[in-house]
Amino acid sequence: MSTATPGERGPAHRARETTRWDIQGLRAFAVLAVVVYHLWPGALPGGFVGVDVFFVISGFLITGLLVREQVETGTVRLGRFWSRRAKRLLPAAFLTIVVTGTAVLVAVPSALWGQYGRELIASTIYLQNWELAANAVDYLGSAEGPSPFQHFWSLSVEEQFYITLPLLLVGVATVARGRFAPLTTARLLLGAVVVLSLVWSVVQTATNPGVAYFSTGTRAWEFALGGLVATVRLPEVRTEVAGRVRLVGTSIGLVALVLSLVVITPETAFPGAAALLPVAGAALVVLFGGGTVFETVGALGPVAFVGRISYALYLWHWPLVVILPIVLGHPLDGATSTAALLVAVGLATASTLWFEEPVRFSTWLRHLRPRGVASLAVICSFTVLTLGAGTLTAVDVQQVEAAKTAQRITTEQQDEDDESCFGAAARIGFEDACTDPELADVRVPAPAAAADDDDNRAECWHGRFRTCVLGKETGWSKRLIVLGDSHSNALLGAYEQIADDNGWRIDLAGVGGCYLTTAQQDAVSLQAMRGCNAWKHAAIDYVREHRDADALVVTHATNQMPVSLPAGPRRDAATRNGMVDAWEQAAGDELPVIAIRDNPIPQRDVIACLSRMSGPTTDACDRPRSEALGTTDSTVEAVAAFREAGGRAAAIDLSDHYCTATSCPAVVGGVVVYRDTSHITATWATSLEPYLERALQRRLAAFER
């Protein structure tokens, strides 16, 4: 985080005349809160609010610099301001990104390179918060774990603030020239940002919490409040009463900050109104802290030093939190967390003393003009970006090689009229299972590229109910309606091939986490819940209007947005009843229903596990069948209940293509089955197509008897 000081004429330890030691102490508090929360989450459940404290500090310091210059000179030298920010922030940030990116290539399974490479690039260009916001609302990307670059989201928000604020100050001052003094104009602007951004933060936190957490718009008020404090100049402490006022104000702020570490938890709707506690607390400390005992505490050697290295400590600690468990093969415990803290402090100290400050205060860089700084920043950015691009290229190369191997094997089998055992054709759960030694060390798609092996299409996947047509739009022999969540959508390629091969029309509609049921499902936000309910109502209406179709085909995930009850018999019953009720409303006794059982659920680190594998595929990444299929999706029970109510229904269970009698492998017939912790790859879906096709044909024929 930013550690700018008002004077900015030398390192923090040299600037004793200009350093606000209370702010230095506040920096130490903020960074330790964040680091302790990441290493020992249970110790400080609200430690993540340290980021909000940094936002207030940055708003105060940067606004103070800009407003003072505007008052004194009537303008802001934008080039000079931005070049100073670049000198301050970019060297340490680029060093951390390069070292972390190198560690990823050396120590992290290639399955994670795609995500990490994208986030490396987003962090380098300071758009990481929007990359994470996009993933937060992308249901299909929700299974991605944190990357070692994730903490750059807050730095991205800061950089966007540094770009936007001076432009706003200059623009508003130009419009208001002659009407208001520059200081008044700045206060009006900042006050408006506080009100509008805070209101938007409350609204977004309630309706779109993933976006709200990372959005610049929902965080801007925190900087602006710090900026407002910078426009208030308290008189020097000349009386005992004035000293007590400062002490009381600082104490209230400190109490609010300490309370926020305990009262706020990861379950708290945040930022929203809850962020008022740490943000207001930090603003009070910044406003009243000068000249109090807290300034004395901040000047103490250990506290001042932590404040001095706070930016570097924030940068270095998080990559260790993410990468160390991968290297060790187990989560951090007490001993390894302590070791991670010591290493982070060591790296922060070394990089601050021997790299960041020497570079920042070097004579040549201090005298470099803004245009030269911009050119240097662009060159360094492109250099760092090549690391991210190289990571993504390595993923593509692995995928190309895996695809070539699979193509060669299947072509050879076709030329020799041999039976293919590729993918689902291995029939691992049947007595006549097929085995091909040539597929023993084949894994396609490459684990590093599995996450992108998805046949998702925007026209078939929409937040609002909308169908896409697969196969023949007119002149079809049969018409199916396929509805479901992402697990249904994962079969899109198979459905399209089935429609083309049989001259069918398939109307397919899907939405994240939502399927055809009248039961209330869990949702990540109120907005998602409302959207899901609206989708269900529209889906039921659509099916009711098209009961002349040949069948309604439904699928749903067992592990995503289940019915809103604790796991167990009650939830299973509610899941069954919700489906039956929706089918009765939509299909009635006129339209047959075909319910496909959900795919097995693999072990959580299945792709990372596979990416560590070399040579022949082993069972190291497989999951016992009893666990993979242990969660009922209530499909069979719903089909039976629907029949009893007078409807026509049948179930399709393809589990024996996924699993043997005892286990559900991660790789079947040379094909990587899963692309994440829940969804199947498009390659697997394609190999499954003939068996799904035959099952659908048999069910449809039975309905016609």
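Figured I'd write up the structure that's included with this text. (Residues numbered from 1 in each chain as written. Predicted model: local features only at pLDDT ≥ 70, side-chain atom pairs only at ≥ 80, totals over all residues. Heavy atoms only, no water.)

Looking at the overall build of the chain
Piece 1. Each helix and strand counted, the chain has 26 helices and 10 strands in total.
Piece 2. Over its C-alpha atoms the chain spans a radius of gyration of 30 Å, differing by no more than 12% from the 27 Å that the globule rule assigns to 705 residues.
Piece 3. Principal-axis analysis of the C-alpha atoms places the extent of the chain at approximately 95 × 50 × 45 Å.
Piece 4. In the chain, 81% of the contacts between residues at least 6 apart in sequence involve partners at least 24 apart.
Piece 5. With an accessible surface of roughly 29400 Å², the chain has 60% of that area assigned to carbon and sulfur atoms.
Piece 6. One finds the centroid of the 56 positive side-chain charges in the chain at a distance of 15 Å from the centroid of its 68 negative side-chain charges. (Helix = DSSP H or I, 4+ residues; strand = E, 2+ residues; numbered from the N terminus. Rg over C-alpha atoms; globule rule 2.2 N^0.38 Å. Contact = heavy atoms within 4.5 Å. Areas by Shrake-Rupley, 256 points an atom, 1.4 Å probe, with all protein chains shown as cover. Lys, Arg positive; Asp, Glu negative; His and termini not counted. Charge placed at Lys NZ, Arg CZ, Asp CG, Glu CD.)

Examining the state of the cysteines
Piece 1. Applying the stated criterion across every chain yields a total of five disulfides.
Piece 2. With its sulfur 2.1 Å from that of its partner, Cys460 forms a disulfide with Cys468. One quick way to see it: the torsion about the S-S bond of Cys460 and Cys468 is about 110 degrees, and its sign makes the bridge right-handed. Taken as a pair, Cys460 and Cys468 share a single burial class, namely buried. (Disulfide = S-S within 2.5 Å. Buried < 20%, exposed > 50% of the residue type's maximum accessible area, 1.4 Å probe, protein only.)

Examining helix α14 (residues 310–328)
Piece 1. Here α14 contains 19 residues, and its C-alpha end-to-end distance of 27 Å stays within 8% of the 27 Å for a straight helix at 1.5 Å per residue.
Piece 2. If you look at α14, its biggest bend is around 25 degrees, right at Val321, and the proline Pro325 turns up within four residues after that.
Piece 3. Counting buried residues in α14 gives 15 out of 19 residues, a clear majority hidden from the surface.
Piece 4. Directly after α14, the chain includes Gly329, whose backbone phi takes a positive value near 85 degrees. (Expected span 1.5 Å × (residues − 1). Bend = angle between axes of the 7 residues up to and from the residue.)

Some remarks on the sheet that holds strand β7 (residues 649–652)
Piece 1. Here we have six strands laid out as an open sheet, ordered β1-β3-β2-β4-β5-β7, and mixed in their pairing. The open sheet has two edge strands with one neighbour each: β1 (468–471) and β7. Adjacent strand axes in the sheet meet at a mean angle of 25 degrees when their direction is disregarded.
Piece 2. Where helix α19 (residues 492–502) meets the sheet, it contacts β1, β2 (479–484), β3 (505–510), β4 (551–555) and β5 (593–596), and its direction lies at approximately 55 degrees from that of β1.
Piece 3. Where helix α24 (residues 635–644) meets the sheet, it contacts β5 and β7, and its direction lies at approximately 165 degrees from that of β7. (Pairing = 2+ DSSP bridges. Axes fitted to C-alpha atoms, helices over the stretch in contact; angles between N-to-C directions.)

Details of the pairing of β2
Piece 1. Within β2, six of the six residues are buried, which leaves the element mostly enclosed by the surrounding structure.
Piece 2. Residues Arg479, Ile481 and Leu483 of β2 are buried on one face, and the alternating residues Leu480, Val482 and Gly484, pointing to the opposite face, are buried as well.
Piece 3. Alignment of β2 against β3, held across six bridges, turns out to be parallel. Paired with Gly484 across the bridge in β3 is Gly510.
Piece 4. Taken together, the five bridges between β2 and β4 define a ladder with parallel strand orientation. The residue of β4 that forms the bridge with Gly484 is Thr555.

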